[in-house]
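Okay, here's what each chain looks like letter by letter:
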Amino acid sequence: MRWLLGGILVILAVLTIAVGALIYLVPSTAIERHILTAVSRATATDIKSTGTPEITLFPSIELVLRGVEARPQSAAGPILKAREIEAEVSWLSLLTGWTVDVIELRIIAPELLFQPSTVQNLEAAPALLLRKPSYPLPGVAIRKATIERGRVTGLGPSWRIKDVDAEMKLSDIDNPLDIDFNLFLNGHRVVGAMNLNNPSRLVTGGRIPLTARVSADLGSAEIDGAWRSAESILVANIKANTMDLDSAARWLEFGPVPEFAGKPAALDGSVRVGADGILFKDAAVTVDELKARIAGRIQQDGDSFVARDFTVTDVDPQSFGVPAHINLTALRAHFDRIEPGSPVAAELAFDLNGQRVTGRATVPDLDQLQPGKSFPLKWHVTVPGGGALEFDGEAALPVAGGTLEQAAGWSAAGKLRLKTDSMREAASWLKFSLPQTDAYNAAEFNADVTFDGQSIKFAGANASFDATQATGDLMINLAGERTSVKGAFNLDSIDTERYLGAGLSAAAAAAVRPDQLEGLPAASPPYEITLLPLKPSLEAVLAGGSGSQLEALGPVPVLTSDWSGTSLGVGSLRDLDSDIDLDLSVGDLRHGSIELGRTSMTATLDKGIFMLDVKESRPLQGEISGTVRIDARPESPTFNLVLDANGIVVEQLIRQVGQRDVIRGTLTGQAKLLASGNTEADVIRTMTGEVRGQVRDGAIVGYNVRKMIWPSASRQYNPSSATPFSSLKADFTITDGVASSPGILLDGPTVRIRSDGKANLSTSKIDYRTDLTVFPPPAKLSFPLKVLGTWRKLKADLDWL
């Protein structure tokens, strides 16, 4: 054992003498060049040093290099410059294991300069990079490495990275490398950690899996992906967030976005970062309450950023205040190019209530998209029902402090055009229910529109729907809890019956216009009057009967078909979330066959209560005014009618409802009525109120009452026969659809009729006691009559009792 120990001491002594001689005989610069050459060949990197090196060999190898520059021979990566590099290497590992064991490596004041890559793959690299050295290279192990006061340049004119401090720990370059670092990015401190799975591939230009976490006062990010060192490309899934998007955008030199000041934002998705820009493959973006997914490329062009083939999808419609009953899904906007100073066009597509809508929107220049400033805007979208919605004008983004989803921050002004081949289909698409009629077909609307975030104004509107033309102004106020609609419109003509219920009623459908009635034959009278013979009537009374002859003729059919059982459609008023106040002027207003003529009125809707104030209506050479109040809030809507009529030509009114004009004259009257129900039949059955009327200077047409009382006289309708009168007065009190009259009075030169009784408006059944008086010649006679039947089938008998 003693000789063995002595041998080892001798060997160490020889080595010490040899190394000492090496220090004194070989210049340090030669040793530096040898080391740099070996490292350069091992790493395929050109390394040079401009300062005077320092080398200490005992008790470990300590190397200090100054003015170091490392440049990849492939030009495929960044250039490293360092003011000083210090390394401490163990002798024992080098002598026993042919391993460069770096105890500590310090890189002081380094600069990492990124430059455009000229070699994109290893196959294109010079042969020198792939040639093996003539002697075996030692292994490399680094226990600890630090970077002090470093900086990174070449990432673009806007990014400033300095005061980089980092600490790295690894056993060798084939094992994972953990790096803890902190630095200043554009004036804000960033702290983070990084793990490189196989750092040796930095030498070969291979793919290096990595993970990283960084945080700063303005945001944080997590990266999980791979670095392709030969191409300087990062492909990873990135999660990033900030609590103030405007401040973060300014910090990263992306430009200010004041509309998002103080608003949180987040990014989560797959991205590719390289010299050609950032490629978003599928990334979820959240800005405040706005959520979307993006895909496309963003790259820097000079001092600005350009987006190409950019698509935005899955936008949450609730972020824009879309009502819950509107089903808006599958939103997609595609941009070929988004670049400051150039026009931007977006192809739009979305599903609205189950139907696909497509269109296009354009703005001339992104530089004009400044908060509070106007910019030109055009858009065109399809509308189900064979139509389109177009806008051509200007818009303005919210002012500073506003948000994207706040409609109150936006404004617009321009020309709006809406066209559809089917209002019914368009309304169904928008989840609005329209009454089942033959109306609601083609429509078009053109107007100058102004939107200020609180209201929408339509000036100089020109509309057409079905056969109606309309012009006017309209304002929609969006500021309150309920939408308010106010305006004034002039309509050339409209038939209101077409827009209520399920089409024309049977009576209205069979109605004939007044100008067509004159040519109808008299052989088909709509009225039948039967006057029972006197002798059988008297015999029935003497036999103890009471009205038996009337009853012997059989029951008269009840005409319930006069009133429609189809819904009037007023129940839909209760479901509207809007209040309406409209001044309407109609050149020709009608309801089915009933012509109301030129009409001026005000229509209001306030929380389900509809008011129609007819200021003036001039039908049938007369005048009508009054109010109609419909309360649609109950399940069975209520109706309140107050009406004044003056100078109405009665025969024309009768003709409009498809009947012969059995009465002629000029009508003046008043009506105050209450009713409830969803159909015409309901309204008539529940009607209550008062009606007063007087017809002057008229005649009973088709019947000569004076002659009809004689047994041999004809009682058939004859248009050449008439019974003139000077006045016909009637006052009715209506209760639950039954009209009672204490006195109906007809005064004429040859006949006077006084009558009282009841009429059932629902069934048209009447029951009246009448006193008929005829004047000479030959003598004044008075006949008490009992009148029963319906409006169209009357049966009369002497009231002997």
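Residues numbered from 1 in each chain as written. Predicted model: local features only at pLDDT ≥ 70, side-chain atom pairs only at ≥ 80, totals over all residues. Heavy atoms only, no water.

Q: Which residues make up the pairing of strand 8 (residues 161–169), and what are the values?
A: Looking at chain direction, strand 7 (residues 145–153) and strand 8 are connected through five bridges and run antiparallel. Residue Gly-150 lies in a different strand from strand 8, and its bridge partner there is Val-164. Here strand 8 runs beside strand 9 (residues 177–185); their pairing, made up of seven bridges, is antiparallel. Each bridged residue has a counterpart across the sheet, and for Glu-167 the counterpart in strand 9 is Asp-180. (Pairing = 2+ DSSP bridges. Helix = DSSP H or I, 4+ residues; strand = E, 2+ residues; numbered from the N terminus.)

Q: So what's going on with the confidence of the model for the chain? Which residues, and what values?
A: Of all residues in the chain, 71% have pLDDT values of 70 or greater, and the mean over the chain is 75. Taken element by element, the chain is modelled with least confidence in helix 7 (residues 506–509), mean pLDDT 36, and with most confidence in strand 24 (residues 443–451), mean pLDDT 91. Per-residue pLDDT stays below 50 along residues 1–26; that stretch engages in five contacts with residues further than four places along the chain or on separate chains. The low-confidence segment residues 400–408 (pLDDT under 50) makes 24 contacts with residues lying over four places distant or belonging to another chain. (pLDDT = per-residue confidence, 0-100. Contact = heavy atoms within 4.5 Å.)

Q: Help me get a handle on unusual backbone geometry, residues and values and all.
A: At Arg-149, a position not held by glycine, the phi torsion is positive, near 55°. By the element assignment, Arg-149 lies in strand 7. Overall, Arg-149 belongs to the partly exposed group, its relative accessible area being 44%. At Asn-186, a position not held by glycine, the phi torsion is positive, near 50°. The topology assignment puts Asn-186 in the loop between strand 9 and strand 10 (188–196). (Buried < 20%, exposed > 50% of the residue type's maximum accessible area, 1.4 Å probe, protein only.)

Q: Explain the environment of Asp-577 residue by residue, including any values.
A: For Asp-577, the position within the fold is in the loop between helix 10 (548–552) and strand 29 (578–591). Separated by 94 residues in sequence, Asp-577 and Thr-483 have C-alpha atoms that sit 6.4 Å apart.

Q: Got a sec to walk through the nonpolar core? Specific residues and values, please.
A: Core analysis: the largest hydrophobic core is formed by 98 residues, its most contacted members being Leu-105, Phe-335, Phe-458 and Leu-491. Excluding residues within four positions of it along the chain, Leu-105 makes contact with Ile-85, Glu-86, Ala-87, Ile-142, Lys-144, Ala-145 and Thr-146. Formed by 21 residues, the second largest nonpolar core is a distinct cluster that contains Leu-728, Leu-746, Val-751 and Ile-766. (Core = buried A, V, L, I, M, F, W, Y, C linked by side-chain atoms within 4.5 Å.)

Q: Tell me about the packing of aromatic side chains, and name the residues and values.
A: In the structure shown here, the tally under the stated rule is two aromatic pairs. Summarising the aromatic geometry, the rings of Trp-379 and Phe-391 are spaced 5.8 Å apart at their centres and angled 20° between planes, so their arrangement reads as stacked. Remark: Phe-391 occurs in strand 22 (residues 387–396) and Trp-379 occurs in strand 21 (residues 374–383); sequence separation between them is 12 residues. Note on Phe-391: relative accessible area 6%, which makes it buried. (Phe/Tyr/Trp six-rings, centres within 6.5 Å; stacked < 30°, edge-to-face > 60°.)

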